[in-house]
Amino acid sequence: MPEFRKDPVTGRWVIISSQRAKRPQAGLGHSSAQPEVCPFCAGNERETPPEVLAYRNDKSRPDRPGWSLRVVPNKYPALVAQSGEADCTDGFYEARAGVGVHEVVIESPEHVISTGSLDERQLTAVLRAYRDRMLRLGSDKRWRYILVYKNEGREAGATLEHVHSQVMALPHVPKEVADEIDGARRYYQQSSRCLYCTIVENERSERTRLVSESERFIVLCPYAPRFPFETWILPKTHEAVFERGSDDEYAEFSRCLRDTLKRLHRGLEKLPFNYVIHSAPVSGNTRRYYHWHMEIMPKLSQAAGFEWGSGSFINPIAPEEAARLLRGLASSV
Ligand SMILES: [Zn+2]
Ligand SMILES: [Zn+2]
Ligand SMILES: [Zn+2]
C-alpha cells in the first residue's frame, strides 16, 4: 500500500510506493531493453488492466483491437484508488494513505516511439483524452488536483518506449502548482491582473524569447528557464482550465505542440523530454489569476549537486539564444 509522507521541515509530500520497483526496467538496473511483447501495441490488450476509456472508430469491443487511443490504469501505480486505511499520523510525523488515481494514455495502436511523429488528428485525440479523463476524475470529490505529464525517452524516465503519457489524480495540490498559484495570487492582489497574461503580453512585444504564435497560442522560452531549451505553450487570452477547451482549440494546440516538438527534434538530435500540463486545481477560486500552460523540458542536463543543494538551476543556454535557434528551425510539418 503506497503512502504519502510529509517532510516535517519543508512540508513536501513524498510518495513511498514499493509497487513501482516491480516495473520492467524500473530504474534500479541499467538495461534499456524493451519487453518482448509491447503491452501498448494493438493486439496485446490483455497485457494491460482493462481500459477506462478508448476511442474506437468501429464497433470493436473493449480491450480488443480496433481502437485509436486507449486509457488504462497504470499496471504499477504510484497510488491506488481505494484504501481501507484512514489517514494516519505516525506520532510526531504526518502520513496519509497513498490514495489517488494513476492512468496511462496509450497514444497510438502502432508502435510509434516519438510524440512528434503522431499526425495532427492523433495528437488532437490525445489532448481530448486528457480533457475527458480530467473532467471525469475532477468530478470525484476526493481529488484536489489532476496532473497530466509525459516522459519520453529513457533519460526522461520512460520505461516503455511506445508513445504514452500519464494522468494522476491527487488528494492535494502539488507543491510546484501551489507555488505558481501563490506567485500568481500575489501579483493579482497588487495589480488586479493575471501574471501569465502579463508575461504573454511582454513576450509578444519583446519577441526575443518568442518561438512561434498561432491565433490562440504562444510558444516561448521563459525568462528564467531551469533547463536548456525549456519551452512553454500558453493560451494568449486568459483561461485557467485546460479541460474547458473546445475541439477547435485542441486541434490548434496540437498543431502548436507538434510544430514545437519538431523544431526541438531538428535542433537536438536525440530528444528525451518531459512535459506537464498545469491547469487550475479542481476546486477553489484560483481561476481569476491562474492561467493554464504546458511546460516542455528537454532532458539534456541532469540535476546535480548544486541543484539539489540550492534548489536553483544552472542553465548553460540563455532562453534568448534557445528561442532564436528554435525560430530558425521551421518545422516543415
Ligand atoms: Zn508498442
Ligand atoms: Zn491569464
Ligand atoms: Zn507551470
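The structure under discussion appears in the preceding block.
Conventions adopted
- Residues numbered from 1 in each chain as written.
- Chains lettered and ligands numbered in written order.
- Predicted model: local features only at pLDDT ≥ 70, side-chain atom pairs only at ≥ 80, totals over all residues.
- Heavy atoms only, no water.
- Donors = N, O, S within 2.8 Å, 3.2 Å for Na, K, Ca; no water.
- Tetrahedral: all angles 85-135°; square planar, octahedral: opposite > 155°, others 65-115°.
- Helix = DSSP H or I, 4+ residues; strand = E, 2+ residues; numbered from the N terminus.
- Buried < 20%, exposed > 50% of the residue type's maximum accessible area, 1.4 Å probe, protein only.
- Salt bridge = Lys/Arg side-chain N within 4 Å of Asp/Glu carboxyl O.
- Pairing = 2+ DSSP bridges.
- Axes fitted to C-alpha atoms, helices over the stretch in contact; angles between N-to-C directions.
- Contact = heavy atoms within 4.5 Å.

**Q** Before we go on, may I ask you to explain the coordination of the zinc ion (ligand 2) in this structure?
**A** The textbook angles at a metal center are 109.5 degrees for a tetrahedron of four donors and 90 or 180 degrees for an octahedron of six. Distances from the zinc ion (ligand 2) to its protein donors, C194 (SG), C197 (SG), H238 (ND1) and H291 (ND1), fall within 2.1 to 2.3 Å. Each of the 4 donor atoms bound to the zinc ion (ligand 2) contributes to angles spanning 105 to 114°, and the resulting shape is tetrahedral. Mapped onto the polypeptide sequence, the residues donating to the zinc ion (ligand 2) form the spacing pattern C-x2-C-x40-H-x52-H. Residue C197 is located in helix α3 (residues 195-206), and its partner H238 is located in the loop between β12 (231-235) and α4 (247-267); the two are separated by 41 residues in the primary sequence. Judged by its relative accessible area of 17%, C197 is buried.

**Q** Any chance you could explain the pattern of salt bridges here in plain terms?
**A** When the charged atoms of two side chains with opposite charge come close together, those side chains can pair. Taken as a whole and judged by the stated rule, the model has 28 salt bridges. Close ionic contact of R133 with E103 constitutes a salt bridge, the shortest N to O distance being 2.7 Å. Taken as a pair, R133 in helix α1 (residues 120-138) and E103 in strand β7 (residues 101-106) lie far apart in primary sequence, 30 residues in all. Between R128 and D247 there is a salt bridge whose closest N-O contact spans 3.9 Å. Of this pair, R128 sits in helix α1 while D247 is found in helix α4, placing the two residues 119 residues apart along the sequence. With relative accessibility at 29%, the residue R128 sits in the partly exposed group. Under the relative-accessibility criterion, D247 is labelled partly exposed at 44%. What emerges from the salt-bridge pattern is a single network uniting E51, R56, D63 and R70.

**Q** Whenever I open this one, the sheet that holds strand β13 (residues 273-278) confuses me. Can you help?
**A** Where strands meet in a sheet, backbone hydrogen bonds hold them as pairs that are either parallel or antiparallel. Pairing is antiparallel across the open sheet formed by 10 strands, whose spatial order is β3-β4-β7-β9-β8-β13-β14-β12-β11-β10. Of all the strands in the sheet, the pair left with one neighbour each is β3 (53-56) and β10 (210-213). With direction set aside, neighbouring strand axes in the sheet form an average angle of 15°. Sheet strands in contact with helix α2 (residues 175-191) are β8 (145-152), β13 and β14 (293-298), and its direction is about 50° off that of β13. Sitting on the sheet, helix α6 (residues 319-328) touches β10 and β12, and the angle it makes with β10 is about 40°.

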